[in-house]
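Next come the chains, spelled out residue by residue.
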2 protein chains.
Amino acid sequence: MPSHKGRSAGRQRLPVLLERDELELRTWLQLVRTYLRMERRLERLLEERGLSLPQFDILATLAMGEGITQQELAQRMLVTKGNICGMIDRMETNGWVERRPDKQDRRANRLFLMPAGRKQLARSFPDQHAAVQEMMSALRPEELQTLYEFLDRLEEDIEN
Amino acid sequence: MPSHKGRSAGRQRLPVLLERDELELRTWLQLVRTYLRMERRLERLLEERGLSLPQFDILATLAMGEGITQQELAQRMLVTKGNICGMIDRMETNGWVERRPDKQDRRANRLFLMPAGRKQLARSFPDQHAAVQEMMSALRPEELQTLYEFLDRLEEDIEN
DNA sequence: TATTGTTATACTCTATAACTATA
DNA sequence: TATAGTTATAGAGTATAACAATA
């Protein structure tokens, strides 16, 4: 069982600009490091399936609720509509998703998963899931629950 | 004081692939959302100063310890050496950093901050710091400490 | 007028692979 | 042989801004 006091070679230390022990900043820097480590590993896994992380996110988002518009997708993913347009272009070319014009509002497209997209998600999801389970195993369930609540509260504070 | 139970419009929900309450995955998804929100906000701030987040990271890393090699920088930032080479090119063009050949090992470059780089860091750091402080204010000090420890343990588990 | 989506443009970050110089 | 750095190439993701169609 690893101690959390250990330091390995590549670890960053606090900037010289910080004289005092700045808990907020230290926590943010640790959040970045931890996130990046996990992200890189998950990206590697997805890459084997020919998926980028944003593409996986789009597939997963559509699996949660098909029929959203590109604008809605852009807002959920915190990117611009022009960005989403290009990403959907690529994913539609691959046959993973489909644009269907909205009958009521003819400006809008509704987005749907195609069989190939479902298949991609179904194939890559178990890997992602297993990797996440493994990476999270350093924390006990009650600790995970606490971590989740802390992160949730942080996010709420930001979006307001 | 915001409750952590609230749900706003753009929040994602769990994929349909998940029947049970998967704490690990739910926590990871929340980590992603929280990280992205904070990252976007900090990127906006840096953008006003003409800095990208990776560039800021490099400046901050060098401020922590000048004279590291490109290879060492690549390892700390979890990217390839070719990547670092291009980034240092851009930053050297801007006069922010400098390559100095290592006398002992003539294959290697040692990286140093230039006055303009120090100035960039000194100008952007207070903004970043204040934003981090504000975003982290949803948690009390003892909660921040706990969050830090959890993240640290997670990272250790991954890098081993 | 406002909104949805598209297009054009540009830039950063990222990776891989082949290459040079040095160890 | 192995390592540090460079270069060339490629691609994704991101943004902005101007545009068309529709509301």
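Up top you'll find the structure we're talking about.
Residues numbered from 1 in each chain as written. Chains lettered and ligands numbered in written order. Predicted model: local features only at pLDDT ≥ 70, side-chain atom pairs only at ≥ 80, totals over all residues. Heavy atoms only, no water.

### Details of the protein's contact with DNA strand D
We apply this condition: Here a residue counts as near a molecule or strand whenever at least one of its heavy atoms sits within 4 Å of it. Pairs of N or O atoms within 3.5 Å make up the polar contacts considered here, provided that, within protein, one atom can donate a hydrogen while the other can accept it, and that residues adjacent in sequence are counted only when both atoms are side-chain atoms. Strands here are runs of E lasting at least two residues and helices are runs of H or I lasting at least four, both read from the DSSP assignment and numbered beginning at the N terminus. Residue polarity follows a fixed list, in which Ala, Val, Leu, Ile, Met, Phe, Trp, Tyr, Cys and Pro are nonpolar, Asp, Glu, Lys and Arg are charged, and the others, Gly among them, are polar.
DNA strand D sits among 24 residues. The nearest are Ser 52 of chain A together with Gln 70, Gln 71, Cys 85 and Arg 107 of chain B. Sugar and phosphate atoms form 70% of the subset of DNA strand D atoms that lie within 4 Å of the protein. Taking Gln 70 of chain B, its side chain carries an N or O atom lying 2.8 Å from a phosphate oxygen of DNA strand D. Between DNA strand D and Asn 109 of chain B, the relevant distance is 2.9 Å, taken from a phosphate oxygen to a main-chain nitrogen or oxygen of the residue. Taken together, the elements giving at least two residues each to the surface near DNA strand D come down to helix H2 (53-64) and helix H4 (81-93) of chain A together with helix H1 (23-48), helix H3 (70-77) and helix H4 (81-93) of chain B. Looking at the surface near DNA strand D residue by residue, the class counts come to five nonpolar, 10 polar and nine charged.

### Notes on the side chain of Arg 33 of chain B
Locating Arg 33 of chain B in the fold gives a position in helix H1. Here Gln 30 of chain B takes part through its side chain, which lies 2.8 Å from a polar atom of the side chain of Arg 33 of chain B.

### Considerations on the protein's contact with DNA strand C
Gln 70, Gln 71, Cys 85 and Arg 107 of chain A together with Ser 52 of chain B are the nearest of the 24 residues found near DNA strand C. In DNA strand C, atoms within 4 Å of the protein come 67% from sugar and phosphate. Contacts to DNA strand C include Arg 107 of chain A, whose side-chain N or O atom sits 2.8 Å from a base oxygen. One of the side-chain nitrogen or oxygen atoms of Asn 83 of chain B is found 3.2 Å away from a phosphate oxygen of DNA strand C.

### Concerning unusual backbone geometry
Residues and elements named next belong to chain A. As a reminder, the rule being used: Only protein chains enter the accessibility calculation, which uses a 1.4 Å probe; a residue is then buried when its area is under 20% of its type maximum, exposed when over 50%, and partly exposed in between.
The phi torsion at Leu 78 lies on the positive side, around 60 degrees, for a residue other than glycine. Of note, Leu 78 is situated in the loop between helix H3 (70-77) and H4. Judged by its relative accessible area of 29%, Leu 78 falls in the partly exposed class.

### Observations regarding the side chain of Thr 34 of chain B
Operational definition: Should any heavy atoms of two residues lie within 4.5 Å, those residues are considered in contact.
Along the chain, Thr 34 of chain B falls in helix H1. Judged by its relative accessible area of 0%, Thr 34 of chain B falls in the buried class. At 2.9 Å, the side chain of Thr 34 of chain B and the backbone oxygen of Gln 30 of chain B are in polar contact. Other than its neighbours up to four places away in sequence, Thr 34 of chain B contacts Leu 151, Leu 154 and Glu 155 of chain A.

### Remarks on helix H1 (residues 23-48) of chain A
Put simply, the rule is: An expected span of 1.5 Å times one less than the residue number is assigned to each helix.
In this model, H1 of chain A (26 residues) spans 38 Å end to end at C-alpha, consistent with the 38 Å of a helix rising 1.5 Å per residue. Looking one or two residues beyond H1 of chain A, the residue adopting positive phi is Gly 50 of chain A, at roughly 80 degrees.

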